[in-house]
Structure formats: structure tokens, C-alpha cells
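Spelled out, the chains give:
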Amino acid sequence: MEEVILEIKDLKTYFYSDKSVVPAVNGIDLLVRKGETLGIVGESGCGKSVTCLSILRLIPDPPGKIVGGQILFKGEDLLAKTEAEMRAVRGNSISMIFQEPMTSLNPVFTVGDQLSEAIRLHQGVAKKEAKQKAIDMLKQVGVPAPEQRAREYPHQLSGGMRQRVMIAMAISCNPDLLLADEPTTALDVTIQAQILEMMRDLKDRLGMAIILITHDMGVVAEMADQILVMYAGKAVECATVKTIYKNPMHPYTVGLLDSIPRMDVDVEKLHVIEGVLPDLSNMPEACCFEPRCPDARSICSQKEPDLEQVGDSLVRCWKYCPEWRQ
Amino acid sequence: MVAYTARRLMLAIVVLIGMSLMTFYISHAIPGDPARLASGAHAKAEQVESLRVQMGLDKPLPVQYMIYMKGIISGDLGTSVSTRRPVADELKEYLPATIELSVFALIISVVAGVFFGIVSAVRRNSALDHFLRVFSLVGASIPVFWLGLLFLIFFYKQLNVLPIGGRIGIGINPPTKATGLYIIDSILSGDGIALKSSISHLVLPSITLGYSSMGVFTRMARSCVLEVLSADYIRTARAKGLKETIVVYKHALRNAILPLITLVGLQFAYLLGGTVLTETIFSWPGLGSYSVTAITNLNFPAIMGVTLTITTLFVVINLITDLCYAIADPRIVYK
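Computed from a prediction, not measured in an experiment: that's the story for all the values here.

Engineer: I'd love a proper account of the pairing of strand β1 (residues 4-16) of chain A, names of residues and values included.
Structural biologist: Residue and element names in this part refer to chain A. Relative to strand β2 (residues 21-33), β1 runs antiparallel, the two sharing 10 bridges. Its bridge partner lying in β2, glutamate 7 is registered against leucine 31. Following β1, the chain reverses through 4 residues before pairing antiparallel with β2. In this structure, β1 lies alongside strand β4 (residues 64-73), joined through 8 bridges in antiparallel fashion. Considered in β4, the bridge of isoleucine 8 is made with isoleucine 71.

Right, here's the structure in full:
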């Protein structure tokens, strides 16, 4: 077994407003090993991005706050680090790419400046050397004419090119862990495939671990080793890609998989999971998926199930508990 | 950018012609007889009449205007009715004082306003933020003449720490004239006494004049910085591991400053207008007090001269701010 890069134990990140508390992430556990890709899937608002931002401690405070748990990065608890120690981690051993390549780069600085900024900060190299390294990084992520591109501003680049720049920035200090928050959602399909291909290639070459956030089941199938399915701030299922695709256990996972459009089956309408995500600030003491679950029984609305080992998967569902048959 | 500048300058000429037409018409539409006023209370009718002919006031208005514009092209702005000196010479004398005052006020308002705005935004909803918001709101709403009088009473009469009246202390020789701006001239000629005296004379008038603009800059800077701080690229900058000071003062400020550049141009016009009151209160020998005298004396050539000078200044300043905008924001390209 490869060494464990990141282990999260019972992470809780809440958002506070005058009237209510929203538990955006409510007790997540996960584990990522070196060179492994963990896909976190779930619909918008289920806490995927908040989990990633919590790892880097970039939750805007106020209103957000990490209220509990541990984030162990190579054995050290990131939540116990000072802000200065955290800055040495960000962009260096853990880096992040975001969903919106169009707005994630600063419009008034050149691409080269923005790239070399992180390199100079974490590697302490001279300006000229950092510039050269920035150009090398652009070459690595497949940006044509990198010398010229480095002198250009973000608005002169296409969306796909900007995401390549973001990735170049993220990997410029050889991180052990890359957090990719829906890196291809804003891109069109051909560019999406190119970016994913490149990420996979970089992962193999650099040996970094990736946490890939997406709501696209097709993307995780292609990229991930492990999958964590999140719903309403909690993990509902966790298993290897193979297990999940072959034998999805949680009704929510089943619903997600059924919603993938398929070419080989002739259907009138795409499958949808009826209903919407519950109001997180007002959660009943029950299974959070119960109102939308096709299999729900009376027990589901009475008590919340725990995350239990069932076969090769971890599942949070009453269906696989002895109480179900009563 | 060169073509753009040239086009803007051409446009400026059109603006100036329009401006001169309006001022010319309005100042001549005001009831009152400049010839009568200029020739004194005891002048006989024929003396007034001959002065009227001499001043060209007997000709029809369009002809008067054409004569005036012909003069402007050769740099002749006419003769002041009250002093009989060329208006151009008088403007040269008074303009530097006004430029010194308004530029100083502008610097104070921009530097202080932007700084307060950033602090306010970064410390959002803190006691300091609330204080600065009230402070800037007071600045934006207090009338200039009222603030000027308060300053006079407090700093001059009560504390007697700052001088008032004029640009330099009585008995101190103004520095050798190079630019007409006392601060720059005294630095150029190495005259420490004149420098100290002219700065201390400038403090109260320029704060009086700049306070309200500072309020505007504070409020604007606060909202700009707040907006920029929630941008995605700020999150990227933080995710790189940059210090918060670098995130704010490099990544956020460079973006937040863009709308403020345009505001500088507009506020400068406001400051030039404000000099009329400020200069009158502090007996500052600039265009503001000059124009007040000119208006009360129906001194048409002087009124026209002041108006055209201020309009030109305004147009030029706004052209400069627009060009600065293109330099500061790489997305803007003028063609």
C-alpha cells in the first residue's frame, strides 16, 4: 500500500448567518493515498467544494468556520497549523484548481507574472529563473508558444488555455496533493477531454494524489480510483470506482448513475432524481435522502443511519441494516 | 493610443468652442452695462459711449464673438475691464495658485480616501469601519464654506497653529518664479523658509477643499475593494499561499483602483469648482477669487478667460485619466 497523503476525520464546516447555521460539511471522513485519485461526486450544494476549501483553510470567515474534525496531511493536522505555516502549504504541497477558468486569473497581471509569483514564493528562486520555470510549466501543460503566452494577459487566452495556465500554476511547485474543483465543468467537451487526459498524464509523471470534485459521473469513471458520494454535507457511499459502477448500493448513487445519458439504451426521457436538496439549516434527525428516496420506509424518517461497511463499500443507508426487515 | 489621443483632442476643441459660445452668450445676457461700470460712477454719457466703442461692445453679439475667438487663436484673451491688463497675463498669475491648491487637495483626498477605503473594506463591520464610514459621509455632505470657517476658528483663532490668508507668510519673499507653484519653486531654488511657509499656508485650504472628495473616494474605494475581494482570482491568490497583505495591496488593489481612476478626473472638476468658495474664505489669490471679482464687476473678458481655462484643464485631466485607465487595465485598448 502506498503512503497515506491525506486523511480527514469527522470534518465539520458550518456557515453562520444571523438566523441559522448551515452545516455545509457535516462529519466527512476520507483518505487519499499517494498517486491515487479520489473523486467526490454529488449535486450542487452538497458540500464538495467546501470540503476542498476546508483542506486549504480557505473558507471565508465570516460566515464559514471549521468547527470540528481533523485534516491530517502526511500525518500533520492542518487545522492545528498557524496561518503562516498554512501559507507555506498552500500552492506548495497542496494546490488547487477551480471551476471558473475565466475568472480565476487576475486580469491585470500577465500569465507569466502570476505563474512565477508562486514559484518565487515557495522555491525562493530569482525573478529570472522563476520566469523561465513559468515558461517550462506552460510547455508542460501543452500551451503552444509558451514564451509569448507568458507575456500575455488572461483575457487574451481562451477558456481551455486559461485552465491549462491554472493547472500549470497548481503543479509548479510539485504538490503532493492537487485539489481539482470541477476543473472541466466550464469547458466544452473536446477541451474537457484534453484537460482530463493532461491531468492524468501529469499525475502519472509527478506521482501526486488528486481529489477531483465533479458532478459528472462520466468524468469520475475515467479519472478516479476511489469515489466518495456526498449528499447534504455527508458521505453516503464510498468505494472503488469498479465497485460503485458494478454494484451501487445507496439509492442516491443508483439515481446518479441512472441519470447518465446512454447511447445504447433507447429511452424517452432521462432519469431524474425527484425533489431537491433539503434545507441544510433545518435538518431532521433522519436520513437526509429520505424525502427523495424511492425505497424509503418508516425507519428512514425516524433515525439517521450510520456509514457502515457493506461488502466492498461504505454505505449510509437503512436498506443494508438488520432494522430494515423489521 | 496616439490616434485615440488625437481624436480626443479634436473633440476637446469642439467642447471648448461650445463652452465659449455658452459662456459668451450667458455673460452678455446678464443685465448690466460693463462700459458704464468700467468708466466709473461720474463718467459722462459720451465717455461711456466712447469706452463702449473702444471695448467693441457696440457691435452685434456674433461679431463680438468672432473678434474674441480670433484673438484667442493668437493667444490674446482680451483686456480686463477693471484692471486694463491683458487677461492672459492675469490668468498666468492666478492659475498656478489654483493648480497648487486643487492638486494638493486632490492628492490628499485620493491618498487618504483610498487608504481609508481599503482599511474600511478589509476590516468590514468593525468599529474602525463604522467610524470611517461616518467620517467619509460627513466629508461628502458638509458644505465647503462651513468647514472652512470651522477650520479658521479652530486652527487659527483657538489653537493658532496654522496660518491663514494668502499663499505665503507676510514678509517672506516668494521663491524665484519657475512654475508659479510655490512648493515646487521653493524646492527648485532651495529656499527652505519659503517652502515651510507655503506648505503651512496650503494645509487648511487644501483639507477644506479636499475633505468632501476624500469622503467620495473612501466610499467608492471601500465598495470597489469589497467587490474585488470576493472575486475568484483573489481566492486563487490566497490558494497560492500569498500573504494577506500582498493579496489585498497587490492583487485586489490593482483591480479596485480601476474605477477610481475615472473618479479622479471627475472629482478634479469638482475641486476646481470648489476653489471659488475655498479661495474666498482663505483669501487665496487664485482663479476662484479672481472669478468672483470678475463676475461682480461684469468683467466679461476675465469671466471668459477663467471659464475657458477651467474647461481646458477639465478636458485635459479627463483625457489623462482615460489614458491612465488604458495603462492600468490591459483589457482596455483604444483604437
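Having seen the structure, we can now continue with the description.
Engineer: With reference to specific residues and values, describe a nonpolar patch on the surface.
Structural biologist: All names here are of chain B. Residues Met22, Tyr25, Ile26, Ile30 and Leu61 make up a contiguous nonpolar surface patch of about 490 Å² in total accessible area. At 3 residues, the largest contribution of residues to the nonpolar patch is made by helix α1 (residues 2-29). Mapping methionine 22 onto the fold places it in helix α1. For methionine 22, a relative accessible area of 51% corresponds to the exposed category.

Engineer: Now, about the side chain of A:Ser104: what can you tell me, with residues and values included?
Structural biologist: Counting through the fold element by element, A:Ser104 comes out in the loop between β6 (94-97) and α3 (111-123). Within the local environment of A:Ser104, its side chain forms a polar contact with the backbone oxygen of A:Glu100, the two atoms lying 2.7 Å apart. When near neighbours in sequence (up to four residues on either side) are disregarded, A:Ser104 contacts A:Phe98, A:Met166, B:Asp232, B:Tyr233, B:Arg235 and B:Thr236.

Engineer: Which residues make up the sheet that holds strand β11 (residues 308-310) of chain A, and what values do they have?
Structural biologist: All names here are of chain A. Strand order in the open sheet made by the 8 strands is β6-β7-β8-β3-β9-β10-β12-β11, with mixed pairing throughout. Edge positions in the sheet fall to β6 and β11, since each of these pairs with one other strand and no more. Averaged over all adjacent pairs, the angle separating strand axes in this sheet is 20°, with direction ignored. Across 5 bridges, strand β7 (residues 177-181) lies against strand β8 (residues 209-214) in parallel orientation.

Engineer: Help me get a handle on the packing of α1(B) against helix α4 (residues 61-73) of chain B, residues and values and all.
Structural biologist: All names here are of chain B. Here α1 crosses α4 at 130°, and the two axes come no closer than 11 Å. Relative to α4, the element α1 is oriented oblique. Between α1 and α4 lies a crossing whose hand is right-handed. Residues Ile17, Ser20, Leu21, Phe24, Tyr25 and His28 of α1 lie in contact with α4, whose contacting residues are Leu61, Gln64, Tyr65, Tyr68 and Met69.

Engineer: Residues and numbers for the nonpolar core, please.
Structural biologist: Where a protein is soluble and globular, its nonpolar side chains tend to be buried together. One finds A:Leu6, A:Leu30, A:Met199 and A:Ile211 to be the most contacted residues of the largest nonpolar core, which totals 72 residues. For this core, the leading source of residues is helix α6 (residues 159-171) of chain A, giving 8 residues. If we skip the residues at most four places from it in the chain, A:Leu6 touches A:Leu30, A:Leu31, A:Val32, A:Ile55, A:Ile71, A:Leu72, A:Phe73, A:Leu177 and A:Ile211. If you look at the next biggest cluster of nonpolar residues, it comprises 22 residues, including B:Phe217, B:Leu226, B:Ala231 and B:Ile234.

Engineer: Which residues make up helix α3 (residues 45-54) of chain B, and what values go with them?
Structural biologist: Residues and elements named next belong to chain B. Among the residues making up α3, those that are buried are Val48, Leu51 and Arg52. Viewed along the axis of α3, the buried residues span an arc of 105°, placing them on a single side of the element. Structural note: α3 exposes Glu46 and Gln54 on the side pointing more than 90 degrees away from its buried face. Lining the buried residues of α3 we find α2 (34-39).

Definitions and limits used
- Residues numbered from 1 in each chain as written.
- Chains lettered and ligands numbered in written order.
- Predicted model: local features only at pLDDT ≥ 70, side-chain atom pairs only at ≥ 80, totals over all residues.
- Heavy atoms only, no water.
- Pairing = 2+ DSSP bridges.
- Helix = DSSP H or I, 4+ residues; strand = E, 2+ residues; numbered from the N terminus.
- Patch = residues over 30% accessible without salt bridge, like charges linked within 9 Å, V, L, I, M, F, W, Y side chains within 5 Å.
- Areas by Shrake-Rupley, 256 points an atom, 1.4 Å probe, with all protein chains shown as cover.
- Salt bridge = Lys/Arg side-chain N within 4 Å of Asp/Glu carboxyl O.
- Buried < 20%, exposed > 50% of the residue type's maximum accessible area, 1.4 Å probe, protein only.
- Polar contact = N/O pair within 3.5 Å; in protein donor to acceptor, adjacent residues only side chain to side chain.
- Contact = heavy atoms within 4.5 Å.
- Axes fitted to C-alpha atoms, helices over the stretch in contact; angles between N-to-C directions.
- Parallel < 35°, antiparallel > 145°, perpendicular 65-115°, else oblique.
- Left-handed = near helix turned anticlockwise from the far one by under 90°.
- Core = buried A, V, L, I, M, F, W, Y, C linked by side-chain atoms within 4.5 Å.
- Arc of directions from axis to C-beta.

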